[in-house]
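Secondary and tertiary structure notes
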Amino acid sequence: MTVRIRKAVFPVAGLGTRFLPATKAMPKEMLTVVDKPLIQYAVEEAQAAGIEHFIFVTGHNKTTIEDHFDANTILESILDRDGKDELLRAVRECTLDSGKISYTRQSEPKGLGHAVWCARDLIGDEPFAVLLPDDIFLCKTPCLKQMVDAYPSVGGNVVAVQEIPVEHSWRYGILKIKNDSGKLIRAKGIVEKPAPDKAPSRIAVSGRYILSPEVLKELDKTERGAKNEIQLTDAIAATIGKVPLTGLRYEGRRFDCGTKIGFLTANIEFALHRPDLAGELKKELKRLQSEL
Ligand code: UTP
């Protein structure tokens, strides 16, 4: 019997310090790429992968995320009255069905692993997806859908991976490779943010995971690791031997919107994929380039 991935966890309780002062009172996950907040890209990707239940791990200053995915009847009735059908559709599209969305809080940002652990009762005893909203993707087939499609043949834990220059290893979880068959990589280990001379490979984990409930059991026991946070990577590493760990080389391009350069680049590239913006933006970019 094939196990379906029905639930996705969105950890959104971080402080977003790299974007201060923008994130002093506003969640980092609500920063917009073109005209949609980062978190909406992640939710749409989960929807495209067949996710049915959306679990948000929130914290202080995060209520606008809840409002964003709720109906706004006053706004909708005004857009309807004014015949602004396109905008009305866009507003309605981001309302998640009642009962399909749950919120839990992480009272203190103790790390990604701790954030996922906060959702344990909502996840229960089944495999689940985790999407970090600061990573967004331009892919023909959405990244999580590629993972969900690969999952039945590998099971266990699946992480989205890409090859990076070794000098960037300190920014990622890095796989220790057991077997590399091209699209799928079987790992025998995973380390969080190693220094380049300690990196076991150049295969780095992006912010998309399918995880076995075994990881939640490990998170029950996991101590604080790198950066004094409870690391998801450490819990995944501890399950190797019980469940397989597979890296999926996704097809497409990832933007790390947790960094300013990644965020700015994403805004330009996503806009260049928009027929309503591409023409004028190209002209502006040419003008800027001629001034460089
Ligand atoms: P990041 O480490 O990129 O987010 O975590 P951050 O800590 O908010 O950002 P900086 O480094 O201070 O700028 C990736 C995702 O995990 C969530 C964040 O909200 C972000 O969406 N997260 C991180 C939590 O939910 N809880 C945590 O304790 C840490």
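Anything mentioned here points back to the structure above.
Attention here is on the structure that accompanies the text. Within each chain, residues carry numbers counting from 1 in the order of the written sequence. pLDDT decides what is reported in this predicted model: residues at 70 or higher carry local features, side-chain atom pairs at 80 or more are listed and counted, and totals for whole chains, interfaces and linings draw on all residues regardless. Calculation of side-chain values draws on the structure's entire complement of heavy atoms; hydrogens and water are dropped beforehand.

**A short note on the overall build of the protein chain**
Let me state the cut-off plainly: Secondary structure follows DSSP: runs of H or I at least 4 residues long count as helices, runs of E at least 2 residues long count as strands, and numbering of each begins at the N terminus. Each radius of gyration reported is based on C-alpha atoms, and the globular scaling rule is 2.2 Å times the count of residues to the power 0.38. Categorising residues by exposure relies on relative accessible area from a 1.4 Å probe, with only protein chains included: less than 20% of the type maximum marks a residue as buried, more than 50% marks it as exposed, and the intermediate range marks it as partly exposed. A contact between two residues is defined here by any heavy atoms of the two lying within 4.5 Å. Surface exposure here means Shrake-Rupley accessible area, sampled with a 1.4 Å probe, where a residue is shielded only by the protein chains that are shown. Counted as positive: Lys and Arg. Counted as negative: Asp and Glu. His and the chain ends are not counted at all. Throughout, a charge is located at the NZ atom of Lys, the CZ atom of Arg, the CG atom of Asp or the CD atom of Glu.
Scanning the protein chain from N- to C-terminus turns up eleven helices and 13 strands. Over its C-alpha trace the protein chain gives a radius of gyration of 19 Å, about what one expects of a compact globule, namely 19 Å for 292 residues. For the protein chain, the spread of C-alpha atoms along the principal axes amounts to about 60 × 50 × 40 Å. Relative to its 292 residues, the protein chain shows a buried fraction of 47%. Taking as baseline every contact in the protein chain between residues at least 6 positions apart, the subset at least 24 positions apart corresponds to 75%. Total accessible area on the protein chain is roughly 14900 Å²; 52% of this is exposed by carbon and sulfur atoms. Distance between charge centres in the protein chain, computed from 42 positive and 40 negative side chains, equals 4 Å.

**Examining the nonpolar core**
Going by this rule: What makes a nonpolar core is a set of buried Ala, Val, Leu, Ile, Met, Phe, Trp, Tyr and Cys residues whose side-chain atoms join them at distances within 4.5 Å.
Phe10, Phe56 and Leu144 are the most contacted members of the largest nonpolar core, which totals 32 residues. Among the elements of the structure, strand 1 (7-11), helix 1 (38-48), strand 4 (53-58), strand 6 (128-131), helix 7 (143-154) and strand 8 (157-163) are those that each provide at least two residues to this core. Per-element accounting of this core gives the leading share, seven residues, to helix 7. Not counting residues within four places of it along the chain, the set of residues in contact with Leu144 comprises Glu45, Ala46, Ala49, Ile51, Ala129, Leu131, Tyr209 and Ile210. Of all hydrophobic cores here, the second largest spans 29 residues; its members include Val130, Ile185, Ile190 and Leu211.

**Section: helix 1**
When you tally the buried positions in helix 1, you get eight out of eleven residues, the bulk of the element. All of the buried residues along helix 1 are Leu38, Ile39, Gln40, Tyr41, Ala42, Val43, Glu45 and Ala46. With its phi angle positive at about 90°, Gly50 sits one or two positions after the end of helix 1.

**A few points about the site of the ligand**
Quick note on the threshold: Put simply, a residue is near a molecule or strand once any heavy atom of it comes within 4 Å of that molecule or strand. In the analysis that follows, any N or O atom pair within 3.5 Å is treated as a polar contact, provided that within protein one partner can donate a hydrogen and the other can accept it, and provided that, for residues neighboring in sequence, both atoms belong to side chains. Under the scheme applied here, ten amino acids are nonpolar (Ala, Val, Leu, Ile, Met, Phe, Trp, Tyr, Cys and Pro), four are charged (Asp, Glu, Lys and Arg), and all others, including Gly, are polar.
In the region of the ligand, 18 residues are neighbours, and Ala13, Thr17, Glu29, Gln106 and Gly111 sit closest. With respect to the ligand, the backbone of Gly14 contributes an N or O atom lying 2.8 Å from an oxygen atom. Its residues assigned to classes, the shell around the ligand shows eight nonpolar, five polar and five charged.

**Here's the deal with the packing of aromatic side chains**
Note the cut-off: Pairing of aromatic side chains requires ring centres within 6.5 Å, counting the rings of Phe and Tyr and the six-membered ring of Trp. Pairs whose planes differ by under 30 degrees are stacked, by over 60 edge-to-face, and all others tilted. A ring is scored as having a charge over it whenever the NZ atom of a lysine or the CZ atom of an arginine sits within 6 Å of its centre and within 35 degrees of its normal.
For the structure on display, the rule yields eight aromatic pairs. On the numbers, 6.2 Å between centres and 15° between planes, the contact of Phe10 with Phe54 is stacked. Of this pair, Phe10 sits in strand 1 while Phe54 sits in strand 4; the two residues are 44 residues apart in sequence, bridging distant segments of the chain. Pair check on accessibility: Phe10 and Phe54 agree, each one buried. Among the aromatic residues, those joined into a cluster by ring pairs are Phe10, Phe54, Phe56, Phe69 and Tyr103. Seen from the ring of Trp170, Arg171 lies directly overhead, with NZ or CZ sitting 5.8 Å from the centre.

**Looking at the pattern of salt bridges**
A side chain of one charge can pair with a side chain of the opposite charge if their charged atoms are brought near each other. To keep it simple, the criterion reads: Salt bridges, as used here, are contacts in which a Lys or Arg side-chain nitrogen is within 4 Å of a carboxyl oxygen on Asp or Glu.
For the coordinates displayed, the defined rule picks out 27 salt bridges. The residue Glu126 makes a salt bridge to Arg6 at a minimum N-O spacing of 2.7 Å. With a gap of 120 residues between them, Glu126 in the loop between helix 6 (120-123) and strand 6 and Arg6 in the segment before strand 1 connect regions that are remote in the sequence. Under the relative-accessibility criterion, Arg6 is labelled partly exposed at 31%. Linking Arg274 and Asp35 is a salt bridge whose minimum nitrogen-to-oxygen distance equals 3.0 Å. Of this pair, Arg274 sits in the loop between helix 10 (260-272) and helix 11 (278-291) while Asp35 sits in the loop between strand 2 (32-33) and strand 3 (36-37), and the two are 239 residues apart along the sequence. Of the residues examined, Arg274 reaches a relative accessible area of 26% and is grouped as partly exposed. Residues joined by salt bridges that share partners form a network here, namely Arg4, Arg6, Lys7, Glu52 and Glu126.

Structural measurements only, silent on function.
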